[in-house]
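# Remarks on the overall topology
In case you want the letters, here they are:
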Amino acid sequence: MTARQWSRPSAVLCGLGTYLPPRIVTNDELSLELDTTDEWIRNRTGIRRRHVIEPGSATSTLAIEAGRRALKSSRHDRADAVVVATTTPDRPCPATAPEVAAQLGLPGVPAFDIGAVCAGFVYALAIGAGLISSGIAERVLVIGADTFSTILNPKDRTTRAIFGDGAGAVVLRPGEAGEPGALGPFDLGTDGDLADLITVPAGGSRQRAEGTTAPPADHYFTMQGKSVFQQAVLRMTESVQRVLAQTGWSVDDIDRFVGHQANARILTALAERLELPRERIVSNIDRVGNTAAASIPLALADGGLRPGHRVLLTSFGGGLAWGSTVLRWPEVTPA
Ligand code: COA
């Protein structure tokens, strides 16, 4: 066997698709229900509006459409594995991915969900890359889809101001490490000691095993905003530095910085810490808010990326979990 036959293929991004539910909720609309204002939300988060699903839709509705568009963008209607990153599956059991695969006309393929909250998409990319380099799959559809509107406390002005619903997907194929679209290296990490900073306290095995009836508020998403803000800046800065060290790029080599869209002020703080010019930071948070696992692919589609751009992805979320990777942007038209 030759060295060529032994070498592991790299995963190459070859398709990108996104989908946002049609209903738009503006800050002014939120201020009709909650003690908030358009001015507060814009100044403190950079968000002007977000999309939310309506009754009859679910996370799979968004995931299927984003997946369909990503396959179209890849000019190949097949994938032989589907990975869905989500914190808001259609149901606690089973996973959402098998239904998504079936609806996309991909019966029989391995399909599973992964949970790393807002870092989920980068984790799912790493898993997709692993499936390809191990030879388990040839083409992998990686989807980030979330409908946080379904788990937010209707009375919580802080979380309702931030989160929106959406989905984004990419297709990965095998290729060479140096070619445009090739992913990696990756930096992934977690800190479970800080799990309580971002949590839905009830509804899991801990609460059920204790036999207690959780108060209704415990079924909603909660977050300690200030600490999360500080951790987001710290962990993404460190993760970016680690992935740059592995890649051999300097900060100056980054043409487009695609960070998790959690708060425009977090992106500004990252730019300052990394000494990255503001114009290289991709931001679509004003239009979509924080879409959790969908955030990175939605920003990729909105980022004005051109073939050859050196792109750095970094994400952060509950867990705590974080992840970063790099690629040179390929000839891909988002669908
Ligand atoms: N409208 C008006 N006032 C609001 C508000 C809203 N939507 N949300 C919070 N406030 C209030 C608070 O209640 C607080 O009032 P108080 O001083 O009377 O107690 C005040 O604004 C300041 O709150 P604070 O938490 O200090 O504000 P902040 O500047 O840190 O902004 C967040 C709050 C949530 C926007 C910010 O902390 C943040 O973005 N955190 C990170 C969130 C994140 O990234 N989450 C996802 C991780 S994946």
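Everything quoted here is computed from the prediction, not taken from an experiment.

Let us now look at the overall build of the protein chain. What the protein chain contains, in helices and strands, is 12 helices and 13 strands. Overall, the protein chain is about 65 × 45 × 40 Å in size when its C-alpha atoms are taken along their principal axes. Relative to its full complement of 335 residues, the protein chain shows a buried share of 53%. Taking as baseline every contact in the protein chain between residues at least 6 positions apart, the subset at least 24 positions apart corresponds to 78%. Summed over all atoms, the accessible surface of the protein chain reaches about 14800 Å², with 49% contributed by carbon and sulfur. In the protein chain, 33 positive and 35 negative side-chain charges are present, and the distance between their average locations comes to 3 Å.

Let us now look at the sheet that holds strand β12 (residues 310–317). If you walk across this open sheet you meet the four strands as β8-β13-β12-β11, and the pairing is mixed. The outermost strands of the open sheet, each flanked by one partner alone, are β8 (186–190) and β11 (256–259). Averaged over all pairs of adjacent strands, the angle between strand axes in this sheet comes to 10°, irrespective of strand direction. Each of β11 and β12 is contacted by helix α12 (residues 295–302), which is oriented at about 150° to β12, the strand it contacts most.

This brings us to the packing of aromatic side chains. Scanning the model with the defined rule gives three aromatic pairs in all. Summarising the aromatic geometry, the rings of F148 and F163 are spaced 4.7 Å apart at their centres and angled 20° between planes, so their arrangement reads as stacked. Placement of F148 in the loop between β6 (140–147) and α7 (157–162) and of F163 in the loop between α7 and β7 (165–175) is noted, with a sequence separation of 15 residues between them. With a relative accessible area of 0%, F148 lands in the buried category.

Splitting the protein chain by domain gives domain 1 (10–175) and domain 2 (187–328). Between the C-alpha centres of domain 1 and domain 2 the distance comes to 14 Å. At the junction of the two partners, domain 1 supplies 42 residues and domain 2 supplies 39 residues. Summing both partners gives a buried area of about 3200 Å² for domain 1 against domain 2, and 70% of it is carried by carbon and sulfur. The largest share of the area that domain 1 buries against domain 2 comes from C118, V122 and Y123, three residues that together contribute 19% of it. The interface formed by domain 1 and domain 2 holds zero salt bridges in total.

Grouped together as the largest cluster of nonpolar side chains are 44 residues, with contacts concentrated most on F148, F257 and L312. Mapped by element, the contributors of at least two residues to this core are α7, α9 (225–247), α10 (264–274), β12 and β13 (321–328). With seven residues, α9 is the single largest residue contributor to this core. Counting residues in hydrophobic clusters, the runner-up holds 35 residues, among them V83, A129, L300 and L305.

Glancing now at the side chain of S315. By the element assignment, S315 lies in strand β12. Beyond its immediate stretch of four places on either side in the chain, S315 contacts C118, A119, V122, M236, H260, I296, A321, W322 and G323.

This part takes up the site of the ligand. As a structural note, the neighbourhood of the ligand is formed by 24 residues, with T36, R44, R157, K226 and N263 the closest of them. The separation between a nitrogen atom of the ligand and a polar side-chain atom of T36 is 2.6 Å. Here an oxygen atom of the ligand sits 2.7 Å away from a polar atom, N or O, in the side chain of N263. Look at the ligand: alone it shows 960 Å² of surface, and the protein chains cover 74% of it. Only α3 (38–45), α7, α9, α10 and β12 provide two or more residues apiece to the shell around the ligand. Of the residues assigned to the shell around the ligand, the class counts are 11 nonpolar, eight polar and five charged. For the shell around the ligand, the two domains that each supply at least three residues are domain 1 (10–175) and domain 2 (187–328).

What counts and what doesn't
- Residues numbered from 1 in each chain as written.
- Predicted model: local features only at pLDDT ≥ 70, side-chain atom pairs only at ≥ 80, totals over all residues.
- Heavy atoms only, no water.
- Helix = DSSP H or I, 4+ residues; strand = E, 2+ residues; numbered from the N terminus.
- Buried < 20%, exposed > 50% of the residue type's maximum accessible area, 1.4 Å probe, protein only.
- Contact = heavy atoms within 4.5 Å.
- Areas by Shrake-Rupley, 256 points an atom, 1.4 Å probe, with all protein chains shown as cover.
- Lys, Arg positive; Asp, Glu negative; His and termini not counted.
- Charge placed at Lys NZ, Arg CZ, Asp CG, Glu CD.
- Pairing = 2+ DSSP bridges.
- Axes fitted to C-alpha atoms, helices over the stretch in contact; angles between N-to-C directions.
- Phe/Tyr/Trp six-rings, centres within 6.5 Å; stacked < 30°, edge-to-face > 60°.
- Domains from an automatic or database assignment.
- Buried area = accessible area lost by both parts, 1.4 Å probe.
- Salt bridge = Lys/Arg side-chain N within 4 Å of Asp/Glu carboxyl O.
- Core = buried A, V, L, I, M, F, W, Y, C linked by side-chain atoms within 4.5 Å.
- Near = heavy atom within 4 Å.
- Polar contact = N/O pair within 3.5 Å; in protein donor to acceptor, adjacent residues only side chain to side chain.
- Nonpolar A, V, L, I, M, F, W, Y, C, P; charged D, E, K, R; others polar.

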